[in-house]
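Architecture at a glance
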There are 2 protein chains.
Amino acid sequence: MATIHDVAALAGVSTSSVSNVLNGRTEKLSAATYSRVEEAIRKLAFRPNRAARQLKTGHTPMLGLLVPSTANPMYGQLALNVEAAAQSRFNYRLLLGNTHRDKQQEARMFEDLLSFGVRAVIIVSSLNDERHLEDAVARGLAVVSYDRSANDGSHSLVDHVSADNYQAGYLAADHLIAYGHRRLAFLVPGGKTLSRGEKIDGFRERVSREGPRYSASVVEGRVSEAFGDSELPDLGFAMASQVAAMRPMPTGIVTVNDMLAIGLMSGLQQLNLRVPDDISVVGMDGLSVAAFTNPGLTSVAMPLTEMAGTMVERAIARSTQPDLPAADFLFQPALIARQSVAKPPRAKKAASST
Amino acid sequence: MATIHDVAALAGVSTSSVSNVLNGRTEKLSAATYSRVEEAIRKLAFRPNRAARQLKTGHTPMLGLLVPSTANPMYGQLALNVEAAAQSRFNYRLLLGNTHRDKQQEARMFEDLLSFGVRAVIIVSSLNDERHLEDAVARGLAVVSYDRSANDGSHSLVDHVSADNYQAGYLAADHLIAYGHRRLAFLVPGGKTLSRGEKIDGFRERVSREGPRYSASVVEGRVSEAFGDSELPDLGFAMASQVAAMRPMPTGIVTVNDMLAIGLMSGLQQLNLRVPDDISVVGMDGLSVAAFTNPGLTSVAMPLTEMAGTMVERAIARSTQPDLPAADFLFQPALIARQSVAKPPRAKKAASST
DNA sequence: GTGAAAGCGCTAACAA
DNA sequence: TTGTTAGCGCTTTCAC
């Protein structure tokens, strides 16, 4: 690989002039010198060594992205959007890590990012404990947290970009209620996850507005210790039995995310429960693949592209201006109606017999 | 951030001793010194600066991964597997790029990798033209190409890790034929893709063995210039009409990948064609989500984890030992039977009328 | 407008 | 066994 010295030699100038060209300081060079240097750079196919540059400047155009698992299409899409924004708007490249929602892995990744000189990171974490995030901040990382709203007040050290999960839960319940459902259930994996709390609150709030004849239950899937995002559909599949065993059985189900819903629908069909004739399902995320399930999955979609843009912008801004205070950003979800929701079977009966 | 000097000072030794500890050269230090240095490292939470190290050694523990789009769950899974192998077996981190199968983007990413000091890269490309890959190799990258078999002979510069696509096509056709199908079709997006050639060959070969009463057609989807992997399901959906318009209509369809199949099934159902009663579908990839479609999608699965492991191993091995010759690795696919394949409707009639 | 030179944090001879 | 030192390739004062 050619170095700045080779270029300087070929162009017959000093290395500092080459450096000035590299950094676009047009005003410091005569047009003639400038183009002579450019020519030399072209000829040698010279690309500056980032390690050297970083060693000098202290930063490097890389952004860390930590997601639970890119095998979950939700995070695959997120990675795509984040990468696109980072690349096209800031010329930053993406360092990707799958954390499996494991605190150790997250912490190790932070360590590595730091040692690579990366100063901006976006993390999708659902861990209750944000202490390791704050450690990372203390050591110089600008951290943006996805979908973990900060209303627990504590930490103004980390940016939070999230969907309005309360509203998401509210919308999902609202949609089912509009179709006449009265016995609703909200499905979540057991254990840790956090943003689901608000989703459940919104869901419950909407149901409780209808009075005592409406019910809102929360069903937790049984998950093993090592439960990962790739097993979400399997869990949904298994939870179909839990739902089917409920007495009375709910007629409208909301799941905390789309992959769970996809598994659930499959499991329900396996039990000869038809969606939406016997039971309606609403997912959350707005995965593009949800448009192609059978039936199409109604889902509360998050504005992923906008959120990705904001996250990238914040992470990079705060990494370059460490004095910028952390902030929270809330995005509004929107329900996408497809075919997985219909009138509840009871309502049909009720119409003729009550 | 603490530097090696701070550690040396605190431990009361020279920087080279610290360096030796960092690089685990136990034999060069007394046990006492060693642990004193370790202690100092711990106390200062010292992490060596990779940029400095890289500047010195010329390499950095990073691996590039270029995929068309992580929004395609196939590549999301691939990224997960590659990252896991790189991380757990080599302590390498992953630099991810979405190329949208665009040559410019691929070339730019190569440039960037080079300038970041990354010497090992795995690429999923379907571009006919491998010249930019060879350019990259010439400039010092160890390139491993996924699923682009090299039997065009030309390039021994790039490693090729691929599934036996001929066999995949063969297996898919074989499965349909075993169920009694005679009119088969193979669906692909229009334009570029490459590995599909062998899939089609295997598919055709299997069908032609049955003689003239069997037919194998290839259907190309109409795609725009900017067609991307995220639109695969949409394309499949649209292609359902193309299939439905064929006279005679095929009863068994194979698609070049699962996302296309998922869209196709949805489109067929939209046209009131039932899968598998009216028409059977076989996908390719073995996406985990294909187990949860309705009906479950029969698919020819590629051994993704093993392939990812091999790719990582090769990329890193060849980046550290540039004299290692490039090689090709072929993996055997396996058909996963689910519910999207059944006897053809004609065969049922035939059974009673012939 | 251009060049000389110091130094970012590390590694690896080589000396001691 | 431990320390000294010369760079790796770049950026950036500071002279000229």
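Scoring rules and cut-offs
- Residues numbered from 1 in each chain as written.
- Chains lettered and ligands numbered in written order.
- Predicted model: local features only at pLDDT ≥ 70, side-chain atom pairs only at ≥ 80, totals over all residues.
- Heavy atoms only, no water.
- Helix = DSSP H or I, 4+ residues; strand = E, 2+ residues; numbered from the N terminus.
- Contact = heavy atoms within 4.5 Å.
- Pairing = 2+ DSSP bridges.
- Axes fitted to C-alpha atoms, helices over the stretch in contact; angles between N-to-C directions.
- Near = heavy atom within 4 Å.
- Polar contact = N/O pair within 3.5 Å; in protein donor to acceptor, adjacent residues only side chain to side chain.
- Nonpolar A, V, L, I, M, F, W, Y, C, P; charged D, E, K, R; others polar.
- Buried < 20%, exposed > 50% of the residue type's maximum accessible area, 1.4 Å probe, protein only.
- Buried area = accessible area lost by both parts, 1.4 Å probe.
- Salt bridge = Lys/Arg side-chain N within 4 Å of Asp/Glu carboxyl O.
- Least-squares fit on C-alpha atoms with pLDDT ≥ 70 in both.
- Phe/Tyr/Trp six-rings, centres within 6.5 Å; stacked < 30°, edge-to-face > 60°.
- Lys NZ or Arg CZ within 6 Å of the ring centre and 35° of its normal.
- Parallel < 35°, antiparallel > 145°, perpendicular 65-115°, else oblique.
- Left-handed = near helix turned anticlockwise from the far one by under 90°.
- Domains from an automatic or database assignment.

1. Describing the environment of A:Leu187
Residue and element names in this part refer to chain A. Within the secondary structure, Leu-187 sits in strand S6 (residues 183-189). Sequence separation of Leu-187 and Val-219 is 32 residues, and the distance between their C-alpha atoms is 4.9 Å. Not counting residues within four places of it along the chain, the set of residues in contact with Leu-187 comprises Val-219, Met-239, Val-243, Ile-253, Val-254, Thr-255, Val-256, Leu-260 and Leu-264.

2. Section: the sheet that holds strand S3 (residues 120-123) of chain A
Strand order in the open sheet formed by 12 strands is S11(A)-S5(A)-S4(A)-S3(A)-S1(A)-S2(A)-S2(B)-S1(B)-S3(B)-S4(B)-S5(B)-S11(B), and the pairing between neighbours is mixed. Two strands lie at the open edges of the sheet, namely strand S11 (328-331) of chain A together with strand S11 (328-331) of chain B, each paired on one side alone. Neighbour-to-neighbour, the strand axes of the sheet open up by a mean angle of 20°, direction not taken into account. Bridge analysis of strand S1 (residues 62-67) of chain B against strand S2 (residues 93-98) of chain B gives 6 bridges, and the strand direction is parallel. Note on S2(B): the bridge partner recorded for B:Leu66 is B:Gly97.

3. Thoughts on the protein's contact with DNA strand D
In the neighbourhood of DNA strand D, 27 residues make up the surrounding shell, with A:Ile4, A:Arg53, B:Ser14, B:Thr33 and B:Lys56 lying closest. The contact atoms of DNA strand D, taken as those within 4 Å of the protein, divide so that sugar and phosphate hold 60%. At 2.7 Å from a phosphate oxygen of DNA strand D is found a main-chain nitrogen or oxygen belonging to B:Ser14. At a separation of 2.9 Å, a base nitrogen of DNA strand D approaches a polar side-chain atom of B:Ser16. Counting residues per element, the ones that place at least two in the surface near DNA strand D are helix H2 (15-22) and helix H4 (50-57) of chain A together with helix H2 (15-22) and helix H4 (50-57) of chain B. At 4 residues, the largest contribution of residues to the surface near DNA strand D is made by H4(A). Of the residues in the surface near DNA strand D, the class split is 8 nonpolar, 13 polar and 6 charged.

4. Side note on the sheet that holds strand S12 (residues 334-336) of chain A
Residues and elements named next belong to chain A. Judged by pairing direction, the sheet is mixed, and its 6 strands sit side by side in the order S7-S6-S8-S9-S10-S12 without closing on themselves. Both edges of this open sheet fall to strand S7 (215-221) and S12, since each of them pairs with a single strand only. Neighbour-to-neighbour, the strand axes of this sheet turn through a mean angle of 25°, independent of strand direction. With respect to the sheet, helix H9 (residues 196-208) is in contact with S6, S7, strand S8 (252-255) and strand S9 (280-285), its orientation differing from that of S6 by roughly 175°.

5. A few points about the protein's contact with DNA strand C
Taken together, 26 residues lie near DNA strand C, and A:Thr33, A:Lys56, B:Ile4, B:Arg25 and B:Arg53 sit nearest. The sugar-phosphate portion of DNA strand C accounts for 67% of its atoms within 4 Å of the protein, the bases making up the rest. Between DNA strand C and A:Thr33 there is a distance of 2.5 Å, counted from a phosphate oxygen to a side-chain nitrogen or oxygen. At 2.9 Å from a phosphate oxygen of DNA strand C is found a main-chain nitrogen or oxygen belonging to B:Asn49. Every element with two or more residues in the surface near DNA strand C is listed here: H2 and H4 of chain A together with H2 and H4 of chain B. The element best represented in the surface near DNA strand C is H4(B), accounting for 4 residues. A per-class count over the surface near DNA strand C returns 8 nonpolar, 12 polar and 6 charged.

6. Things to note about the pairing of strand S5 (residues 159-163) of chain A
All names here are of chain A. Of all 5 residues making up S5, 5 are buried, and the element is well covered by its neighbours. Neither face of S5 is exposed, since Asp-159, Val-161 and Ala-163 on one face and His-160 and Ser-162 on the opposite face are all buried. As paired elements, strand S4 (residues 142-146) and S5 share 3 bridges and run parallel to each other. Along S5, the bridge assignment pairs Ser-145 with His-160.

7. Comments concerning the interface of chain B and chain A
Facing 51 residues of chain B, the contacting portion of chain A comprises 52 residues. Note on chain B versus chain A: buried area summed over both sides is about 4600 Å², and carbon and sulfur give 59% of it. When the buried area of chain B at its contact with chain A is split by residue, B:Arg93, B:Phe116 and B:Phe292 rank highest and sum to 16% of it. Here chain B and chain A share 4 salt bridges between them. Ionic pairing is found between B:Arg93 and A:Asp112, a salt bridge with its closest N-O pair at 2.7 Å. The interface formed by chain B and chain A holds 17 residue pairs in polar contact (both at pLDDT 80 or more) in total. Of the residues in the side of chain B that touches chain A, the class split is 25 nonpolar, 17 polar and 9 charged. Here strand S2 (residues 93-98) of chain A pairs with S2(B) via 3 bridges, running antiparallel. Each residue of the ladder has a partner; that of A:Leu96, found in S2(B), is B:Leu94.

8. As for the relation of the copies chain B and chain A
Laying chain B over chain A is done by rotating through 180° and shifting 0.0 Å along the axis; what remains is an RMSD of 0.1 Å. Each copy turns onto its partner about a two-fold axis. In this assembly, 100% of the residues forming the interface of chain B have copies in chain A that are likewise at the interface, indicating an isologous arrangement.

9. A short note on the packing of aromatic side chains
Any pair of aromatic rings gets described here by the distance separating the centres and the angle formed by the planes. Taken as a whole and assessed by the stated rule, the structure comprises 4 aromatic pairs over all chains. Taken together, a centroid distance of 6.1 Å and an interplanar angle of 65° make the contact between A:Phe237 and B:Phe292 edge-to-face. Of the two residues, A:Phe237 sits in helix H10 (residues 232-244) while B:Phe292 sits in the loop between strand S9 (280-285) and strand S10 (298-301), which places them in two different chains. The buried category is assigned to B:Phe292, whose relative accessible area is 11%. Over the face of the ring belonging to A:Phe116 we find B:Arg50, whose NZ or CZ atom lies 5.1 Å from the ring centre.

10. Topic: unusual backbone geometry
Note the cis peptide between B:Arg247 and B:Pro248, where omega equals -5°. The amide bond that connects B:Val275 to the next residue, B:Pro276, takes the cis arrangement and shows omega of 10°. Mapped onto the fold, B:Pro276 is located in the loop between helix H11 (258-270) and S9. In this structure, A:Ala45 takes a positive phi of about 50° despite not being glycine. For A:Ala45, the location among the structural elements is in the loop between helix H3 (31-44) and H4. Classification of A:Ala45 as partly exposed rests on a relative accessible area of 40%. The phi dihedral of B:Asn272 falls on the positive side, at around 65°, and the residue is not glycine. Summarising the element assignment, B:Asn272 is placed in the loop between H11 and S9.

11. Observations regarding the packing of helix H1 (residues 4-11) of chain B against helix H3 (residues 31-44) of chain B
To characterise two packed helices, one gives the angle between the axes of the helices and the distance between these axes. All names here are of chain B. Between H1 and H3, whose axes approach to 9 Å, the crossing angle comes to 125°. The orientation of H1 with respect to H3, classified from their angle, is oblique. Crossing of H1 over H3 shows right-handed handedness. On H3, the residues touching Asp-6, Val-7, Leu-10 and Ala-11 of H1 are Arg-36, Val-37, Ala-40, Ile-41, Lys-43 and Leu-44.

12. Overview of the domain arrangement of chain A
One can read the domain layout of chain A as domain 1 (4-48) and domain 2 (165-302 + 336-352). Computed from C-alpha coordinates alone, the two centres of domain 1 of chain A and domain 2 of chain A are separated by 62 Å.

13. Let's talk about the environment of B:Pro48
Turning to its location among the elements, B:Pro48 is positioned in the loop between H3 and H4. Between the C-alpha atoms of B:Pro48 and B:Gly97, which are 49 residues apart in sequence, the distance is 26 Å. The contact partners of B:Pro48, leaving out residues within four places of it in the chain, are A:Ser115, B:Leu22 and B:Arg53.

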